[in-house]
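# Chain and residue survey
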Amino acid sequence: MDPRRLVVGGTIAALAALVGLTALLIVPTRESRSSVAYMTTSIEVPLGHLSDALEANTAAEAFLVRAAASIGEERNTLLSKSIAAGESSAKAWTSYRGTALHLKGEAQLATQYERDYAAQAAVGGSVMVPILQSNQPANLPARQLLAGEQDRADLNQLRAMYERQDASTLQALDHRLLVVKNSIEVGAVALAAAGIICAVAALRSAFRVVDDRKARAAAAHLAEFESRLIRALELADDDGHSFRVATKALTEVLPDALASVVVSDASGATFRPVVGVASCGVKNPDRCPAIQAGAPLKFHDSTSLDACPVLADTATTACSVTCMPVSVAGRDAAVVQLTGPVGAAPEMGAAVGLVVRRTGERVTMLRAFARFELQASRDPLTGLYNRRSLEAAVARLHLTDTPYAVAFADLDQFKRLNDVHGHEAGDRALRAFAHTVANSLRPEDLACRWGGEEFVIVFPGCDDRRAADAMERVRTRLLSDAIDGLTVSVTASVGVAEGGGSLSFAEAVGRADAALRVAKAGGRDQVVAWRPPSLAGVGAEPTTPVAVTRTP
């Protein structure tokens, strides 16, 4: 036999074996990649939407339960949160419906959930209206709670269906990887060179799957950490509390790092520490490189040539520092500083960035809420309480049986001031009176612009005599203080009465108003205290309140 033919035949046979083995490896490898893609895009997406819908649904009912048990502004706030969570749940459900895989039995469960959701909405509409109209704390009826539990049970069944599908897909993927491994072993026996090639291809595929699993595990761990962080931040009611939560979270992520937070004041010109003590002691945001860069910075040695100049000048001991600016309402208003040993600046991993971002979002929301609440409770011209806020505050005094006195003040000849000097002059007079009141009374006293040029001041724990003395100080200071832009004096007449006990706030204000009318009739610019007819002497009508003038 011609040896050349043997060589050609052997070569052809080897090539055929190589092609066959290559084909054997390509098929399961492609299937493995398809399985990973299927798990990532086809299962995880609707599963995530279902989880979001369940979480938002649970939050909506929790806010609703708290809203029913509360009253006033707190109820309104909780109802708004419940509505927002309900809308998030509905949005997540809509997203799920658009990505559903139509698994066996899925359509029936989805239809059941939508039917139960509609029933729960109907029950909620019928039970919440009486609760809201009563304006009294109440518990949600059992049928409302049972309807909500049924909704969540439906969502849990759907999520469990997808989790089972996810687990089944992983098992199939493991089986395919086992087939790839066996193919590699058989190919290695038949053809060592081809076996090595196939083994390399299979190992690469296996490593890819392992990396994908590790990435999913890390993502799940990060999602769980983010969930706990969000819950903790939701319990924070001010900036300081939010940054303390952030510090605790950073300590959990980086236990060997020392965390501190500095926040700029309202003017943005000065930093103040709110958590810990900053290693660099920076006082001015303009001198902070992280603020100027608008991005995290790492300095491995505070004594090195390229260290932060503020850190180099103020650090008491050599250290490494990682500085991360915190964005609040679109502005870098704080810096989180992580301090470590020289040469090993704390790492800025995904969890650290998550803490910084979520904390900035929470502080932004808290400041927005505080601004909205202030605008809703204050008179925009004078900065004093508006009528609604004062009535709510006095209602709390009645709930605790706290006695109080009421002063009803009115600027004298205010219409003439407006007619002669213009409305801008009138506004300056109103602001001047409000400023005088705010600087003359106790922190616990409640001052309100009642309407127009009328003001009502409530003195908790005071009788009418002490309240009259306080308003006399206000009246005297108003006379002595010059008002910018005005060449005329501004005076005020005041009526004072006691409130609390069985006397309603409206009745107390009415008595103070009656005393104010006496002050006006008696020449203005004076403080008058209300007295009942029995103390006014003979000849007073029994239904007419009588006031007596306090000598200035």
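About the cut-offs
- Residues numbered from 1 in each chain as written.
- Predicted model: local features only at pLDDT ≥ 70, side-chain atom pairs only at ≥ 80, totals over all residues.
- Heavy atoms only, no water.
- Buried < 20%, exposed > 50% of the residue type's maximum accessible area, 1.4 Å probe, protein only.
- Helix = DSSP H or I, 4+ residues; strand = E, 2+ residues; numbered from the N terminus.
- Pairing = 2+ DSSP bridges.
- Axes fitted to C-alpha atoms, helices over the stretch in contact; angles between N-to-C directions.
- Parallel < 35°, antiparallel > 145°, perpendicular 65-115°, else oblique.
- Left-handed = near helix turned anticlockwise from the far one by under 90°.
- Contact = heavy atoms within 4.5 Å.
- Nonpolar A, V, L, I, M, F, W, Y, C, P; charged D, E, K, R; others polar.
- Polar contact = N/O pair within 3.5 Å; in protein donor to acceptor, adjacent residues only side chain to side chain.
- Phe/Tyr/Trp six-rings, centres within 6.5 Å; stacked < 30°, edge-to-face > 60°.
- Expected span 1.5 Å × (residues − 1).
- pLDDT = per-residue confidence, 0-100.
- Salt bridge = Lys/Arg side-chain N within 4 Å of Asp/Glu carboxyl O.
- Core = buried A, V, L, I, M, F, W, Y, C linked by side-chain atoms within 4.5 Å.

## Examining the pairing of strand β4 (residues 320-328)
- Of all nine residues that make up β4, eight are buried, and the element is covered over most of its length.
- Sheet analysis places β4 next to strand β5 (residues 331-340), joined by nine bridges and oriented antiparallel. Following the sheet pairing, valine 321 is matched in β5 by threonine 339.
- Adjacent in sequence and paired antiparallel, β4 and β5 are bridged by two residues, among which alanine 329 carries a positive phi angle near 55°.

## What to know about the pairing of β5
- Among the 10 residues in β5, eight count as buried, and that is most of the element.
- Two elements, strand β1 (residues 258-264) and β5, share six bridges in a ladder whose sense is antiparallel. Bridging across to β5, alanine 259 finds its partner in leucine 338.

## Observations regarding the packing of helix α12 (residues 423-440) against helix α13 (residues 464-480)
- In the contact formed by α12 and α13, the axes pass within 9 Å of each other and the chain directions differ by 130°. It follows from the interaxial angle that α12 and α13 lie oblique. Regarding α12 and α13, the two cross each other, and that crossing is right-handed. Between α12 and α13, the contacting residues are Phe433, Thr436, Val437, Asn439 and Ser440 on the first element and Arg473, Val474, Arg477 and Leu478 on the second.
- Per-class residue counts for the contact of α12 with α13 are four nonpolar, three polar and two charged.

## Digging into the environment of serine 89
- Looking at where serine 89 falls in the secondary structure, it is placed in helix α2 (residues 72-99).
- A relative accessible area of 2% means that serine 89 is categorised as buried.
- For the pair serine 89 and alanine 56, spaced 33 residues apart in the sequence, the C-alpha separation amounts to 4.9 Å.
- Serine 89 has contacts with Ala53, Ala56, Asn57 and Tyr113, leaving out every residue within four places of it along the chain.
- A polar contact is formed between the side chain of serine 89 and the backbone oxygen of alanine 53, at a distance of 3.1 Å.

## Details of the sheet that holds β1
- Ordered by their spatial adjacency, five strands build an open sheet running β2-β1-β5-β4-β3, and the pairing between neighbours is antiparallel. Two strands close off the open sheet at either side, each with one partner strand: β2 (271-275) and β3 (297-299). Neighbour-to-neighbour, the strand axes of the sheet open up by a mean angle of 25°, direction not taken into account.

## Thoughts on the packing of aromatic side chains
- Overall, the coordinates contain eight aromatic pairs when judged by the stated rule.
- When the centroid spacing of 6.4 Å and the interplanar angle of 65° are considered together, the rings of phenylalanine 408 and tryptophan 450 count as edge-to-face. Highlighted residues: phenylalanine 408 in strand β6 (residues 404-411) and tryptophan 450 in strand β7 (residues 446-451), separated in sequence by 42 residues. You'll find phenylalanine 408 and tryptophan 450 in the same group, each marked buried.
- Pairing tryptophan 450 with phenylalanine 505 gives two aromatic rings, centres 6.2 Å apart and planes at 75°, and the pair type is edge-to-face. In this pair, tryptophan 450 sits in strand β7 while phenylalanine 505 sits in helix α14 (residues 505-521), placing the two residues 55 residues apart along the sequence.

## A look at α13
- Compared with the 24 Å implied by 1.5 Å per residue over 17 residues, the 24 Å span of α13 between its first and last C-alpha is a close match.
- Here α13 has its buried residues at Asp464, Ala467, Ala468, Ala470, Met471, Glu472, Val474, Arg475 and Leu478.
- Buried positions along α13 lie against β6, α12, β8 (454-460), β9 (492-499) and β10 (527-531).

## Things to note about the confidence of the model for the protein
- Of the residues in the protein, 85% have a pLDDT of 70 or more, and the chain-wide mean is 81.
- Per-element averaging of pLDDT across the protein places strand β11 (residues 546-549) at the bottom with 46 and β8 at the top with 95.

## Considerations on the pattern of salt bridges
- All told, the structure shown has 24 salt bridges when counted by the stated rule.
- Residue arginine 152 pairs with glutamate 61 through a salt bridge whose shortest N-O separation is 3.1 Å. Taken together, the positions of arginine 152 in helix α4 (residues 142-190) and glutamate 61 in helix α1 (residues 3-68) put the pair 91 residues apart, joining distant regions of the chain. You'll find arginine 152 and glutamate 61 in the same group, each marked buried.
- Across the pair glutamate 424 and arginine 428 runs a salt bridge, and its minimum N-O distance is 3.7 Å. Of this pair, glutamate 424 and arginine 428 are both found in helix α12, four residues apart, which corresponds to roughly one turn of the helix.

## Brief notes about the nonpolar core
- Ranked by internal contacts, the top residues of the largest apolar core, which has 29 residues, are Leu411, Phe433, Phe455, Ile457, Phe459 and Met471.
- For this core, the elements supplying multiple residues, two or more each, are β6, α11 (414-421), α12, β8, α13 and β9.
- With six residues, α13 is the single largest residue contributor to this core.
- Those residues in contact with phenylalanine 459 that lie beyond four places of it in its chain are Pro403, Tyr404, Ala405, Ala407, Leu441, Arg442, Asp445, Ala467, Ala470 and Met471.
- Counting 27 residues, the second-largest nonpolar core is a separate cluster that includes Phe243, Ala246, Ala257 and Val352.

## Description of the environment of leucine 479
- Residue position: leucine 479 is located in helix α13.
- Separated by 46 residues in the primary sequence, leucine 479 and aspartate 525 place their C-alpha atoms 9.4 Å from one another.
- Dropping the residues within four chain positions of it, leucine 479 is found in contact with Val490, Thr491 and Asp525.

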